[in-house]
Amino acid sequence: MKIRSVDIYILDIPTVRPHQLSMHTITAQSIVVARITNEGGLEGWAEVATIGGASYGEGTPEAIKANIDQYITPHLLGRNPNDFSKIMFEVSKAVRGNHFAKAVVEEAMIDLAAKSKNIPAYELLGGKIHDSLPLAWTLASGDTGRDIEEAKELLQQKRHKIFKLKIGKGDPYKNVEHVLKIIAAVGDQARVTVDVNQAWDETIANYCIEALQDGGVSMVEQPLPTWNYEGMARLTERFKVPIMADESANSVHDVFQITKHRYGNCIALKPCKHGGLMETKKVAAIAEGSGFGLYGGTMIESSLGSAACAAVYATISEFEFGTEIFGPLLFKDRITVNDLQFENFEVIIPDGPGFGMEIDLDKVRHYARDYSYSLS
Ligand code: MUC
Ligand code: MG
């Protein structure tokens, strides 16, 4: 069955609390949703998200939509979604970069192809290794006391025992104090990591990482700006605590260079950054081949996008740092009828057809920006 239409919507969905990163505080998350319909009327759905417009990376929701509509959709119309690899190979020749745009259309084709065969999407990706995966939570309320309360509550509920702290905003020395207080409060029951989102220079990073390492932090994510590859290599060489590449680890080519020159020693996977689920598997293979540890990352997608991440992460052999596909728990609402399930510190891999999520069209209409007229 051929692809009849590709519709792209931008939605803004509020979060349960402000989520403070070094460069932006999220109160409503902007997601880009793709609906790909075949001639029989069957639909494939997928989602990508950016953080704070262009503050995490180059992609913005508006550019993703514009570039799909103008430059990618023509390659999809009239094609068989089962040929998603071939179609994306052709798209890669015609459209440079634009990984988020490529990811959302590739994933919607995979959802559609899997639904048309009535199988879970992970079966098209090699089959699942995991039924569930460890799930981290990000403490990022902007307040140490509130973060400690939140961590204690989540430990008690058996929801998370890996906490990533978002630091890098404001005084770096206060950042360190904040982390050490949280480790003192919950460090005996939980693993604590930090994500600096590029906020430090190398001098500050040297001071802070030493203190964090001594204090028991178990991983430091993207401490330096993306351009400072050599600085990342020096930090990796100097410290025992793992240094994770996130914003700098996008294409397979980036990741190959990172592993070759050891600009870090572990990688945050995110299908949005890599340009889709198949590219994510390639990145994971490069990391595995070079002995880098993996983290199943998130761009803070809602249930739909997180289910797509779950589908591909289920097929990847090992996540030394667990996953963080907690997005559905941070959103106040969702655009799917069902939700991801979280149990005993883990996220359960959905087993339904496609990504296992049923779309709630009224909710899509409710949160969509100005395109809801075409949502039927
Ligand atoms: C990032 O930089 O890793 C992932 C979790 C979270 O809280 O923010 C994102 C982005
Ligand atoms: Mg990060």
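Parameters and conventions
- Here, residues in each chain are numbered from 1, in the same order as that chain's written sequence.
- Lettering for chains starts from A, numbering for ligands starts from 1, and both go in the order in which the items are written.
- For this predicted model, a pLDDT threshold of at least 70 governs which residues receive local features, and a threshold of 80 or more governs which side-chain atom pairs are given and counted, while totals over whole chains, interfaces and linings are taken from all residues.
- The basis for the side-chain values is all heavy atoms of the structure; hydrogens and waters are excluded.
- UniProt positions are given in the numbering used here, feature names are shortened, and annotations may be inferred rather than shown by experiment.
- By the criteria applied, helices consist of DSSP H or I runs no shorter than four residues and strands consist of E runs no shorter than two, each listed in order from the N terminus.
- Expected helix span is given by 1.5 Å per residue-to-residue step, counting one fewer step than there are residues.
- A 1.4 Å probe rolled over the protein chains alone gives each residue an accessible area, and that area as a share of the maximum for its type sets the label: buried under 20%, exposed over 50%, partly exposed in between.
- Directions from the helix axis toward the C-beta atoms define the arc.
- The contact criterion used is simple: two residues touch if any of their non-hydrogen atoms lie within 4.5 Å.
- N or O atoms closer than or at 3.5 Å make up a polar contact, with two conditions inside protein: a donor-capable atom paired with an acceptor-capable one, and, for residues adjacent in sequence, both atoms drawn from side chains.
- Definition used for salt bridges: Asp or Glu carboxyl oxygen within 4 Å of a side-chain nitrogen of Lys or Arg.
- All axes are obtained by fitting lines to C-alpha atoms, using only the stretch in contact for helices, and the reported angles, taken between N-to-C directions, cover 0 to 180 degrees.
- In this scheme, roughly parallel covers angles under 35 degrees and roughly antiparallel covers those over 145, while 65 to 115 is roughly perpendicular and the rest are oblique.
- Throughout this entry, Asp, Glu, Lys and Arg are counted as charged residues, while Ala, Val, Leu, Ile, Met, Phe, Trp, Tyr, Cys and Pro are counted as nonpolar. The remaining residues, Gly among them, count as polar.
- When DSSP locates at least two bridges between a pair of strands, those strands are taken to pair.
- Delimitation of the domains relies on an automatic or database domain assignment.
- The term buried area refers to how much accessible surface (probe radius 1.4 Å) is lost by two components on association, counted for both of them together.

- The name that an unreviewed UniProt entry assigns to the protein chain is Muconate cycloisomerase family protein, with the source organism given as Neobacillus rhizophilus.
- In UniProt, the protein chain has this text filed under Cofactor (unreviewed entry): "Mn(2+)".

**Re helix α7 (residues 202-215)**
Here comes step 1: Between the first and last C-alpha of α7 there are 19 Å, a value that for 14 residues agrees with the 20 Å anticipated at 1.5 Å per step.
Here comes step 2: Where α7 is concerned, the buried positions are E202, A205, C208, I209 and L212. All buried residues of α7 lie within an arc of 125 degrees about the axis, which places them on one face of the element. Facing away from the buried side of α7, by more than 90 degrees, are the exposed residues T203 and D214.
Here comes step 3: Taken together, the buried residues of α7 touch α6 (172-186), β7 (191-195), β8 (220-221), α8 (229-238) and β9 (243-245).
Here comes step 4: Regarding α7, its N-cap is D201, as a side-chain oxygen of that residue lies 3.2 Å from the backbone nitrogen of T203 further along.

**Topic: the pattern of salt bridges**
Here comes step 1: On inspection of all chains with the given rule, the structure shows 23 salt bridges.
Here comes step 2: Between K65 and D69 there is a salt bridge, with its nearest N and O atoms 2.7 Å apart. Remark: D69 and K65 occur in helix α1 (residues 61-76); sequence separation between them is 4 residues, near one turn of the helix.
Here comes step 3: The class for K65 is buried, based on a relative accessible area of 13%.
Here comes step 4: Classification of D69 as partly exposed rests on a relative accessible area of 36%.
Here comes step 5: It is possible to trace a salt-bridge network through shared partners that takes in K164, K166, D195, E221 and E324.

**What about the packing of helix α9 (residues 252-261) against helix α11 (residues 277-289)?**
Here comes step 1: Interaxial distance between α9 and α11 falls to 9 Å at its minimum, and their mutual angle equals 10 degrees. Considering their axes alone, α9 and α11 lie roughly parallel with respect to each other. Together, V252, V255, F256 and T259 of α9 and E279, K282, V283, I286 and A287 of α11 make up the contact between the two elements.
Here comes step 2: Broken down by class, the residue content of the contact of α9 with α11 amounts to 6 nonpolar, 1 polar and 2 charged.

**Let's talk about the sheet that holds β8**
Here comes step 1: One open sheet holds the 7 strands; their spatial order is β5-β6-β7-β8-β9-β10-β11, and the pairing between them is parallel. Each having just a single partner strand, β5 (137-139) and β11 (293-296) make up the two edges of the open sheet.
Here comes step 2: As paired strands, β9 and strand β10 (residues 266-269) are joined by 2 bridges and run parallel to one another. The residue of β10 that forms the bridge with M244 is C266.
Here comes step 3: Along the sheet, α11 contacts β10 and β11; its crossing angle with β10, the most-contacted strand, is approximately 170 degrees.

**Things to note about the domain arrangement of the protein chain**
Here comes step 1: Each assigned domain of the protein chain is listed with its residue range as follows: domain 1 (3-118 + 358-368) and domain 2 (124-348).
Here comes step 2: Between domain 1 and domain 2, the contact holds 42 residues from the first and 50 residues from the second.
Here comes step 3: Of the roughly 3800 Å² buried between domain 1 and domain 2, counting both surfaces, carbon and sulfur atoms make up 64%.
Here comes step 4: Joining domain 1 to domain 2, the criterion identifies 2 salt bridges.
Here comes step 5: Among the ionic pairs, E150 bridges to R17, the shortest N-O distance being 2.8 Å.
Here comes step 6: Summed over the shared surface of domain 1 and domain 2, the result is 22 residue pairs in polar contact (both at pLDDT 80 or more).

**Side note on the pairing of strand β1 (residues 3-20)**
Here comes step 1: Examined bridge by bridge, β1 and strand β2 (residues 25-38) share 13 bridges and lie antiparallel to one another. Across the sheet, S5 pairs through a bridge with T37, a residue of β2.
Here comes step 2: Connecting the antiparallel pair β1 and β2 is a turn made up of 4 residues.

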